[in-house]
Amino acid sequence: MRAESGSDTPGAMTEARTFLPFALPDIGDEEIAEVVDTLKSGWVTTGPKAQRFEADFSAFLGEPGLHAIAVNSATAGLHLALEALGIGPGDEVITTTHTFTATAEVVRYLGADVRLVDIDAATLNIDPAAVEAAITPRSRAIVPVHYAGLAADMPAILDIARRHGLKVVEDAAHALPTTCAGRLVGTLDSDATVFSFYANKTITTGEGGMLVTRDAALARRARVMRLHGMNRDAFDRYTAKAPSWYYEVVAPGFKYNLTDIAAALGLQQLKKARAFQHTRARIAALYDAAFADLPLLRPPQPRSGDMHAWHLYVLRLADGASIERDRFIERLFDAGIGCSVHYIPLHLHPYWRERYALKPSQFPQSQKAYERMLSLPLYTRMSDADVQRVVAAVRVILK
Ligand SMILES: *Cc1c(COP(=O)(O)O)cnc(C)c1O
């Protein structure tokens, strides 16, 4: 599931068809030149490029007062955000069962408990009514995920949070760029938002992430905890006027800083983020049109005027479909097409299932969606011929 690409089919000489991977990063000459520049500069860990990447990222979001904190993964960013909000033992954090385990595992790092809730079948995003029903006196925070790149119902979630005194940290790993009621995810009224630059995300630094917040105290804490609980990061340490060797350790922090090599990739990828979104949306529209007459549920669409990042293109087999999901995926692989499932819900994984005695019947919408869903290849390096090849294979299988 986390593989960044498939491989060519070995020995498929007679077929003479290469394997179409599920995902591929789109790295151009600009990224390569920026990385080479970094390597030649002599500064390879966190330094001027990471700092520039943070500034460019807040400029991309386009609102004053945003702090952007570069980290080496979204997992790290989620951990830092919840840590800075003071989440700890005895607390509960509410999130969706229909996500990658990173969203929830960071809560356990802090010794707090996870309350998994079901999704809204219409959007595949966390169901606000289920969030409200899961609130207890121990609840401290909600972590919505903008699943596949479609904004979660943030007005409803922020309203629940306000009424119950809860914090909100958005898992925006899929959501660059996504808008919610016309505003970019990252500029909404939550406490923090975390983006991922993992290899298969909409922009990539190989591994990397960005924590964004308007809360100056949260930002200060996250910057300290990002690098060992030291009160300066390496760049400040070597350039500030204070004695260059001096720092203070104020907490047992983490090693979550983003390297300048990775930030170099990010600087150039970010410039392409809007164009990448256009390409992804165009491919999604081609798929939508081609599948209109098939026994499929096509992906939920954004509200009119809103932008979907189209990180994933998720199909669900309709009730009357003539084939089961697992067989469908096998047939696509037989046709040389990589695909995946997002996600095996957390309530089915042994750790989460056993830790919280979870049953599928507690999450009927997620369970039903999971049993019928698959994600098709959707990335900027796909040619029109690649898209048509996927369309043709899907049509043949469902005929
Ligand atoms: C990819 C992903 C993450 C983790 O991102 P990393 O940068 O790999 O740590 C978290 N949540 C969701 C929903 C993701 O898809």
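Residues numbered from 1 in each chain as written. Predicted model: local features only at pLDDT ≥ 70, side-chain atom pairs only at ≥ 80, totals over all residues. Heavy atoms only, no water.

## Quick look at the packing of helix α11 (residues 325-334) against helix α14 (residues 384-398)
Viewed as axis vectors pointing N to C, α11 and α14 meet at an angle of 135°, and their least axial separation amounts to 10 Å. It follows from the interaxial angle that α11 and α14 lie oblique. When you trace α11 past α14, the crossing you get is right-handed. Two secondary-structure elements touch here, α11 through F328, R331 and L332 and α14 through A393, V394, V396, I397 and L398. Residues that form the contact of α11 with α14 fall into these classes: seven nonpolar, no polar and one charged. (Axes fitted to C-alpha atoms, helices over the stretch in contact; angles between N-to-C directions. Helix = DSSP H or I, 4+ residues; strand = E, 2+ residues; numbered from the N terminus. Parallel < 35°, antiparallel > 145°, perpendicular 65-115°, else oblique. Left-handed = near helix turned anticlockwise from the far one by under 90°. Contact = heavy atoms within 4.5 Å. Nonpolar A, V, L, I, M, F, W, Y, C, P; charged D, E, K, R; others polar.)

## As for the packing of helix α2 (residues 48-61) against helix α9 (residues 260-271)
Contact geometry of α2 with α9 gives a least axis separation of 8 Å together with a crossing angle of 30°. With respect to each other, α2 and α9 are oriented roughly parallel. Crossing hand, α2 versus α9: left-handed. Listed contacts from α9 to P48, K49, A50, R52, F53, D56, F57 and F60 of α2 are D260, A263, A264, G266, L267 and L270. Split into classes, the residues belonging to the contact of α2 with α9 amount to nine nonpolar, one polar and four charged.

## Considerations on the confidence of the model for the protein
Within the protein, residue pLDDT values average 94, and 93% of them lie at 70 or more. Every residue in residues 1-15 scores below 50 in pLDDT, and together they form 21 contacts with partners more than four places removed in sequence or on other chains. (pLDDT = per-residue confidence, 0-100.)

## Points about the domain arrangement of the protein
Its domain assignment divides the protein into domain 1 (29-271) and domain 2 (273-398). Relative to domain 2, the C-alpha centre of domain 1 lies at a distance of 26 Å. Taken together, the contact pairs 42 residues of domain 1 with 37 residues of domain 2. At four residues, the largest contribution of residues to the side of domain 1 that touches domain 2 is made by strand β3 (residues 113-117). Residue composition of the side of domain 1 that touches domain 2, by class: 22 nonpolar, 14 polar and six charged. (Domains from an automatic or database assignment.)

## Re the sheet that holds β3
Pairing between the strands of a sheet is mediated by backbone hydrogen bonds and can be parallel or antiparallel. Read across the sheet, seven strands follow the order β1-β9-β8-β5-β4-β2-β3 without closing on themselves; strand pairing throughout is mixed. Each having just a single partner strand, β1 (67-71) and β3 make up the two edges of the open sheet. For this sheet the average axis-to-axis angle between neighbouring strands, irrespective of direction, equals 20°. Inspection of the sheet shows strand β2 (residues 92-96) paired to strand β4 (residues 139-143) by four bridges, in the parallel sense. Bridge pairing in β4 places I94 opposite I142. In the packing of helix α3 (residues 74-84) onto the sheet, contacts are made with β1, β4, β5 (167-171), β8 (192-196) and β9 (209-213), and the angle to β8 comes to roughly 165°. Across the sheet, helix α7 (residues 216-226) lies against β1, β8 and β9, angled at about 20° from β1, the strand it touches most. (Pairing = 2+ DSSP bridges.)

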